[in-house]
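Commentary on secondary and tertiary structure
So you can see what is in the structure, the chains are spelled out below.
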Amino acid sequence: ERTERSCMKFRIDESERKASKSPHEIFLTNLIVNHILYFIAALGMAKSFPLLVAATPVASLLTISYILIKGRKMQQSASWFERCHWQIAMRRSKLLLIVLSTLTILLGILYSIHIFMEVASAQIFPLAAIVTMPVLITILALILMESEALHFAGSGQLSKRMVERNPPPNSIIEIDQHIE
């Protein structure tokens, strides 16, 4: 039984493949360094320096903004392959922005309940942990997805879905290779 290909490989020159990796490298750096490594370190020092924790969403918002602004500019000036990879990073950045915004709203509601309804912290912290869990899962999933996208950019590949949405120009040659 023959399975349908999930991605397509193209003959893309080295400089274009390297440029196409850029949005994924930026996004992965934000996810791994900022959201995991730095955030864990900041939580460890939160009692002494509570504002250190606030640097994570600020740095993330700046990174997401950069990807979205630069990605829009790249849609006019970059090659087809680069544009596609910027679109992937932009879509995932928007997802992260939505997830972080939702978390901020929910944590704000919990904090308001704690302050204005005088609910004990011990009752609020478990709810905050539950609200935070989907964000952590999303970040881990995005790390896996972006790692794959980084590999795809370096090897001249795109998902079949992306190619259907953004057909390549006639000058781009598909490498006939079965990829699962």
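Refer to the structure presented above.
Residues numbered from 1 in each chain as written. Predicted model: local features only at pLDDT ≥ 70, side-chain atom pairs only at ≥ 80, totals over all residues. Heavy atoms only, no water.

Remarks on a positive patch on the surface
Together, Arg72, Arg91, Lys94, Arg161 and Arg165 make up a region of like positive charge exposed at the surface. Elements that contribute at least two residues to the positive patch include exactly helix H3 (80–116) and helix H5 (160–165). Take Lys94: it is sitting in helix H3. (Patch = residues over 30% accessible without salt bridge, like charges linked within 9 Å, V, L, I, M, F, W, Y side chains within 5 Å. Areas by Shrake-Rupley, 256 points an atom, 1.4 Å probe, with all protein chains shown as cover. Salt bridge = Lys/Arg side-chain N within 4 Å of Asp/Glu carboxyl O. Lys, Arg positive; Asp, Glu negative; His and termini not counted. Charge placed at Lys NZ, Arg CZ, Asp CG, Glu CD. Helix = DSSP H or I, 4+ residues; strand = E, 2+ residues; numbered from the N terminus.)

So, the sheet that holds strand E2 (residues 157–159)
As summarised here, the arrangement of the three strands in space is E2-E1-E3, forming an open sheet in which the pairing is antiparallel. Of all the strands in the sheet, the pair left with one neighbour each is E2 and strand E3 (174–175). Inspection of the sheet shows strand E1 (residues 7–10) paired to E2 by three bridges, in the antiparallel sense. Across the sheet, the residue bridging to Cys7 is Ser159, located in E2. Across the face of the sheet, helix H4 (residues 121–155) comes into contact with E1 and E2 while running at roughly 130 degrees to E2. (Pairing = 2+ DSSP bridges. Contact = heavy atoms within 4.5 Å. Axes fitted to C-alpha atoms, helices over the stretch in contact; angles between N-to-C directions.)

A few points about a nonpolar patch on the surface
Where nonpolar side chains cluster on the molecular surface, the patch consists of Tyr111, Ile115, Phe116 and Met117 and spans about 510 Å² of accessible area. Relative to the helices and strands, Phe116 resides in helix H3.

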